[in-house]
Amino acid sequence: MDVLVTGGLGYIGSHTVVALAEAGYSPIIVDNLCNSQAWIHARLEQLAGQAIPFYRVDCTDRLALAQVFEQHPNVQAVVHFAALKAVGESTRHPLEYYQNNLGSLLAVLQAMQQQHVGILVFSSSATVYGEPEKLPVTETTPLQAPTSPYGATKAMAERIIADAVQANPQLRAMALRYFNPVGAHPSARIGELPQGTPNNLVPYMTQATRGVVPDLKIFGHDYATPDGTPLRDYFHVVDLACAHVLAIDYLAKAREGLPLQFVNVGAGTPVSVLQVVETFRQATGQPLPYRFAPRRAGDVEAIWCDATLAKNLLGWQPEYTLADALLHAWKWEQTLGEQEIPA
Ligand SMILES: NC(=O)c1ccc[n+]([C@@H]2O[C@H](COP(=O)([O-])OP(=O)(O)OC[C@H]3O[C@@H](n4cnc5c(N)ncnc54)[C@H](O)[C@@H]3O)[C@@H](O)[C@H]2O)c1
């Protein structure tokens, strides 16, 4: 089956392209390179051992997107990653976020309708749960008002897809609500490529270890958690990639008229920021200096998921440990030090 992957050169998209190819699917990538590098494409072809068509197209460009679908009439599924994702930036540039994240989703849904493509897997986020009252969160935990334009685009996107599915019984869709994917491909050929100072903990840690940033700042150590630092649900990005493959397998067999399915994807285990630091030190043997900084606006105290539905519905569970993910992230970071623009 041909699968169109929007944002397929990005962090999660690139790992998913490899997982799709390994599972026997034929991925086709659409990416405008606004947060990724063209050289990742050659690496994906190497890792997958097959040619992977890539179109440098902005998903909000309906005409260009329609042309990609026309060139690949065997596309039967779309995995839609393409989005801007920096929470802080979204509060400074909300219109850009609404335009990009919702404009691209609408264009993808319209192109799918025109070409009669019936399977959609969408990248949603734990951010839709806000600061939950009860933990762990299940898919029925009430959603809270979004605290950023980024979060709002995810909540709105879920609503848009739910409406599209209701109006079109041939469309089967799943919104995977990711918790905290970390790590890199075990080959160290692909991984996370943040622009500027990273917003996420693990690339911040690996850059601090390599000396790209002076040290690791831990934002807040006065939370009501066992060691005062926030609790999150970290898991390996390759496990997340596999969840997308299983979601397509599931939707391909699902009956028509199925409502939009929401599925949490996380390890289901709360881990504090300081525990991540300690696991990183043990896994890599690196000292990793850090200092405490004030809390960051918008960070919730604790969130982790109940991933039972992912297991029961998709047969998904994480294969890698947090130590594996951190070691792989460090291996990847080291390759960036050796060769900034690899072939
Ligand atoms: N990384 C996380 O922790 C996380 C957590 C929850 C949800 N998500 C969601 O998962 C998806 C992928 O995240 P990621 O971490 O891989 O981000 P990323 O920025 O690495 O990847 C996104 C890719 O989409 C591309 N893109 C963005 N807008 C586009 C457009 N209009 N047209 C074409 N390409 C476009 C970018 O160039 C990039 O390659 C996003 O939707 C993000 O919101 C990520």
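Residues numbered from 1 in each chain as written. Predicted model: local features only at pLDDT ≥ 70, side-chain atom pairs only at ≥ 80, totals over all residues. Heavy atoms only, no water.

Under an unreviewed UniProt entry, the chain has the name UDP-glucose 4-epimerase and belongs to Candidatus [Bacteroides] periocalifornicus. Checking UniProt for the chain, the heading Cofactor (unreviewed entry) contains the comment "NAD(+)". (UniProt positions renumbered as here; feature names shortened; annotations may be inferred.)

S.K.: Could you give an account of the site of the ligand, naming the residues involved and the relevant values?
M.R.: Around the ligand sit 26 residues, and of these Asp-31, Asn-35, Lys-85, Asn-100 and Tyr-150 come closest. One nitrogen or oxygen atom from the side chain of Asp-31 is found 2.6 Å from an oxygen atom belonging to the ligand. Here an oxygen atom of the ligand and a side-chain polar atom of Lys-85 are 2.7 Å apart. When the ligand sits alone it has 810 Å² of accessible area, and the protein chains cover 96% of it. Those elements that provide at least two residues to the shell around the ligand are helix H1 (11-22), strand S5 (119-125) and helix H6 (149-167). Here the element with the most residues in the shell around the ligand is S5; it accounts for three residues. For the shell around the ligand, the class distribution of residues is 13 nonpolar, nine polar and four charged. (Near = heavy atom within 4 Å. Polar contact = N/O pair within 3.5 Å; in protein donor to acceptor, adjacent residues only side chain to side chain. Areas by Shrake-Rupley, 256 points an atom, 1.4 Å probe, with all protein chains shown as cover. Helix = DSSP H or I, 4+ residues; strand = E, 2+ residues; numbered from the N terminus. Nonpolar A, V, L, I, M, F, W, Y, C, P; charged D, E, K, R; others polar.)

S.K.: I'd like a description of the pairing of strand S2 (residues 26-31), backed by residues and values.
M.R.: Counting buried positions along S2 yields five of six residues, so the element is predominantly enclosed. Note: strand S1 (residues 2-6) against S2, five bridges, orientation parallel. Across the sheet, the residue bridging to Val-5 is Ile-29, located in S2. Chirality of the crossover, the property in question, places the unit of S1, H1 and S2 among those that are right-handed. As paired strands, S2 and strand S3 (residues 54-56) are joined by three bridges and run parallel to one another. Bridge pairing in S3 links Ile-29 to Phe-54. (Buried < 20%, exposed > 50% of the residue type's maximum accessible area, 1.4 Å probe, protein only. Pairing = 2+ DSSP bridges. Right-handed = clockwise from strand over helix to strand, strands pointing away.)

S.K.: Please set out the state of the cysteines residue by residue, giving values where relevant.
M.R.: In total, this model carries zero disulfides according to the counting rule given. With no disulfide of its own, Cys-242 lies closest to Cys-305 among cysteine sulfurs, the gap being 16 Å. Owing to a relative accessible area of 2%, Cys-305 belongs among the buried residues under this scheme. (Disulfide = S-S within 2.5 Å.)

S.K.: Can you break down the UniProt feature "domain: NAD(P)-binding" (unreviewed entry) in the chain residue by residue, with the values?
M.R.: According to UniProt, the feature "domain: NAD(P)-binding" (unreviewed entry) maps to residues 4-324 in the numbering used here. As a span, residues 4-324 carries 40% helix and 17% strand, and end to end its C-alpha atoms are 29 Å apart.

S.K.: So what about helix H9 (residues 273-284)? Which residues, and what values?
M.R.: With twelve residues, H9 should reach 16 Å at 1.5 Å per residue; the first-to-last C-alpha distance of 16 Å fits that figure. Three or more residues of H9 are buried, namely Val-273, Leu-274, Val-276, Val-277, Phe-280 and Thr-284. One face of H9 carries all of its buried residues, which in axial projection span an arc of 160 degrees. Looking one or two residues beyond H9, the residue adopting positive phi is Gly-285, at roughly 75 degrees. (Expected span 1.5 Å × (residues − 1). Arc of directions from axis to C-beta.)

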